[in-house]
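Given next are the chains, with one letter for each unit.
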Amino acid sequence: MLYINIASNVNILSDLVENNSTSKIIDKAYNPLLEYYEKSKVNSTLFFTGRTLEILRSTYPKTLFRFKKVINELGCVELGGHTYGHPVMPLIPTRDVEKHIEYSQEIEKEIFGYTAKGFLPPEWGYDVTIPYILKKYGINWTILLGAQIIGYYNQNQEDVFNGGIVQGVHNSNIPCVFVYDDPNLWFRNNLFNLFIGIRKPKEFAVETYNKIKPWVINTNKNNLIVFYFDLETISFNYLDGKNNDPCKNLDQFIEHFMEISGAKSISISDYITTKESNAKVIHPILTRTYKNFDIWYQGSQKLDLETKLVRELVWRADETIFDAIKTKKMWKEYLLSHSSDARAAASLQRAKGINISGKNIFFGKRERVIEAYNHLKSAKDLALGILNKHET
């Protein structure tokens, strides 16, 4: 049987988003996609950062109410976790990773009444400590990028569509599914063209299925195809002066694909239950995201040095008073300085922009970098305040 799911992360502090354009994200991405979820009934998964949920709750409560409704009442959209402040998890200590998940789950519980069963690592960053951490926090499955396994350890597209388990430290393991694409990110790049109206939905659906078909037909396995995009992407794919509707294009693409392939939509949690008894061990590589890995270092060397110094203060303060309520603000400011978007925005790659269909449209926003330093200063001041009061 062939199943599909549409997955998106929800990170309103993306390095592509200026602070004065968040309303554009709400109006041209979140709200139109909410209408799509409300009408289509195709199973989807939304992976929220904790900070995004806080911003929606304080500034865009009506939009948050709609997200809550499609997730808790319609039954076709599943809640996913995505950390509190969107770090590249392999680049920060385990203690900090656990705090990101702890605070994200706290907000999920406050808003939705429960915590997410599934988890998407920001920037697809994976290492062998992650299965153990996720299981420790009651998370049942994770999702990674198909390009992280194709061509490595004799793994291929068949493994992308079948999923399996990934192993970690301390004899841990966790079920894992994979986002569809090839190592050259053919689907991702063409999806942008679908959104802006260059690719026609039916034509793109046929070509996508023809690429997938050799790996999914004539098998006795339950195959899952996960189509993925960043939820904010929609708002950057309206062509100026053109009557184009990215959400309508997406809807027609999915409709044509399901008709051509005979696929049915399914929640990832439900799909996982069909695989647990005979899951294959999958080996993602540990040094790749969909970007070049050095993007997280270029231009961020000083930020990383400052982060290390503040980390020592935050940890000392946390160990000094053992009061989670008094240290929460300090921790949250420190965790927000981990933002992968701040590091991407400082890189050479983002300075040049990303060319989509002949036009450079994706540039890193420097305000993300400045915000990271500001969060570090706030965390440092709060930590020193605690230490000065309790160590003297």
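Attention in this report is confined to the structure presented alongside it. Please read all numbers here as calculations on a predicted model, not as lab measurements.

### Remarks on the overall build of the chain
Along the backbone of the chain there are 15 helices and 11 strands. Taking 2.2 N^0.38 as the reference for a compact globule, 392 residues should give roughly 21 Å; the C-alpha atoms of the chain span a radius of gyration of 21 Å, in line with that estimate. With the principal axes as the frame, the chain shows a C-alpha extent of 70 × 55 × 40 Å. Out of the 392 residues belonging to the chain, those deemed buried represent 57%. Across the chain, the fraction of contacts at a sequence separation of at least 24, relative to all contacts at a separation of at least 6, is 79%. When the accessible surface of the chain is summed, it comes to about 16700 Å², and 49% of that surface belongs to carbon and sulfur atoms.

### Let's talk about empty space enclosed by the protein
Tallied over the full model, the rule gives 4 cavities of 30 Å³ or more. In this structure, the largest cavity occupies an estimated 140 Å³ of space. Lining the largest cavity are 15 residues; nearest its centre among them are Leu13, Gly85, Leu336, Ser339 and Glu371. Going through the elements one at a time, α13 (340–345) and α15 (366–390) are the ones with two or more residues in the lining of the largest cavity. In terms of residues, the lining of the largest cavity owes the most to one element, α15, which gives 4 residues. Here the second largest cavity is characterised by a volume of approximately 70 Å³.

### Regarding helix α9 (residues 246–261)
Between the first and last C-alpha of α9 there are 22 Å, a value that for 16 residues agrees with the 22 Å anticipated at 1.5 Å per step. The complete set of buried residues in α9 reads Pro246, Cys247, Asn249, Leu250, Phe253, Ile254, Phe257 and Ser261. With its buried residues spanning 155 degrees around the axis, α9 presents them on a single face. Looking at the buried side of α9, the elements it contacts are β1 (2–10), α1 (22–40), α7 (186–195), α8 (201–216) and β8 (223–228). In the segment just after α9, glycine 262 is the residue with positive phi, at about 75 degrees.

### Regarding the pairing of strand β5 (residues 141–145)
Side chains on a regular strand alternate between the two faces of the sheet. Within β5, 5 of the 5 residues are buried, which leaves the element mostly enclosed by the surrounding structure. By the alternation rule, side chains of β5 split into Trp141, Ile143 and Leu145 and Thr142 and Leu144, which are all buried. Bridging between strand β4 (residues 118–119) and β5 involves 2 bridges; their strand directions are parallel. Its bridge partner being in β5, phenylalanine 119 is matched across the sheet by threonine 142. At this point the chain moves from β4, through helix α5 (residues 130–136), to the parallel β5, and the crossover so formed is right-handed. Where β5 meets strand β7 (residues 172–179), 4 bridges bridge the pair, whose relative direction is parallel. Bridge pairing in β7 places threonine 142 opposite cysteine 176.

### Re the pattern of salt bridges
If you walk through the whole model with that rule in mind, you get 17 salt bridges. For arginine 51, the salt bridge identified is with glutamate 54, shortest N-O distance 2.9 Å. Within this pair, arginine 51 and its partner glutamate 54 are both found in helix α2 (residues 50–59), separated by 3 residues, close to a single helical turn. In this structure, lysine 280 engages aspartate 159 in a salt bridge whose closest nitrogen and oxygen atoms are separated by 2.8 Å. Taken together, the residues span a long stretch of sequence, with lysine 280 in the loop between α10 (268–273) and α11 (301–321) and aspartate 159 in helix α6 (residues 157–162) at a distance of 121 residues. On the basis of relative accessibility, which here comes to 42%, the residue lysine 280 falls in the partly exposed class. Judged by its relative accessible area of 7%, aspartate 159 falls in the buried class. Put simply, Arg51, Glu54 and Lys332 are held in one network by salt bridges that share partners.

### Quick look at the packing of aromatic side chains
Per the counting criterion, the structure on display carries 23 aromatic pairs. For the pair tyrosine 84 and tyrosine 103, a centre-to-centre distance of 6.4 Å together with 65 degrees between the ring planes defines the contact as edge-to-face. You can see tyrosine 84 sitting in the loop between β3 (77–81) and α4 (94–112) and its partner tyrosine 103 sitting in helix α4, a full 19 residues away along the chain. In this structure an aromatic cluster arises from ring pairing among Phe161, Tyr180, Trp186, Phe187, Phe204, Tyr209, Phe227, Phe253 and Phe257.

### Considerations on unusual backbone geometry
Backbone geometry at threonine 83 places phi at a positive 70 degrees, although glycine is not the residue there. With respect to the element layout, threonine 83 can be found in the loop between β3 and α4. Even without glycine at this site, phenylalanine 322 takes up a positive phi of about 50 degrees. Mapped onto the fold, phenylalanine 322 is located in the loop between α11 and α12 (324–336). Under the relative-accessibility criterion, phenylalanine 322 is labelled exposed at 69%.

### Focus: the environment of isoleucine 111
Turning to its location among the elements, isoleucine 111 is positioned in helix α4. Owing to a relative accessible area of 8%, isoleucine 111 belongs among the buried residues under this scheme. Along the sequence, isoleucine 111 and isoleucine 139 sit 28 residues apart, while their C-alpha atoms lie 18 Å from each other. Dropping the residues within four chain positions of it, isoleucine 111 is found in contact with Leu53, Arg57, Leu64 and Lys68.

### Observations regarding the environment of threonine 208
By the secondary structure assignment, threonine 208 is in helix α8. The spacing of threonine 208 and asparagine 20 is 188 residues in sequence and 36 Å in space, taken between C-alpha atoms. Not counting residues up to four positions away in its chain, the partners in contact with threonine 208 are Tyr180, Trp186, Phe187, Phe227, Phe253 and Phe257.

Reading guide: rules and limits
- Residues numbered from 1 in each chain as written.
- Predicted model: local features only at pLDDT ≥ 70, side-chain atom pairs only at ≥ 80, totals over all residues.
- Heavy atoms only, no water.
- Helix = DSSP H or I, 4+ residues; strand = E, 2+ residues; numbered from the N terminus.
- Rg over C-alpha atoms; globule rule 2.2 N^0.38 Å.
- Buried < 20%, exposed > 50% of the residue type's maximum accessible area, 1.4 Å probe, protein only.
- Contact = heavy atoms within 4.5 Å.
- Areas by Shrake-Rupley, 256 points an atom, 1.4 Å probe, with all protein chains shown as cover.
- 1 Å grid on protein atoms, 1.4 Å probe; cavity = no way out; pocket = protein on both sides within 12 Å on 5 of 7 lines; lining within 4 Å.
- Points joined across faces, edges and corners; volume = space filled by probe spheres on them.
- Expected span 1.5 Å × (residues − 1).
- Arc of directions from axis to C-beta.
- Pairing = 2+ DSSP bridges.
- Right-handed = clockwise from strand over helix to strand, strands pointing away.
- Salt bridge = Lys/Arg side-chain N within 4 Å of Asp/Glu carboxyl O.
- Phe/Tyr/Trp six-rings, centres within 6.5 Å; stacked < 30°, edge-to-face > 60°.

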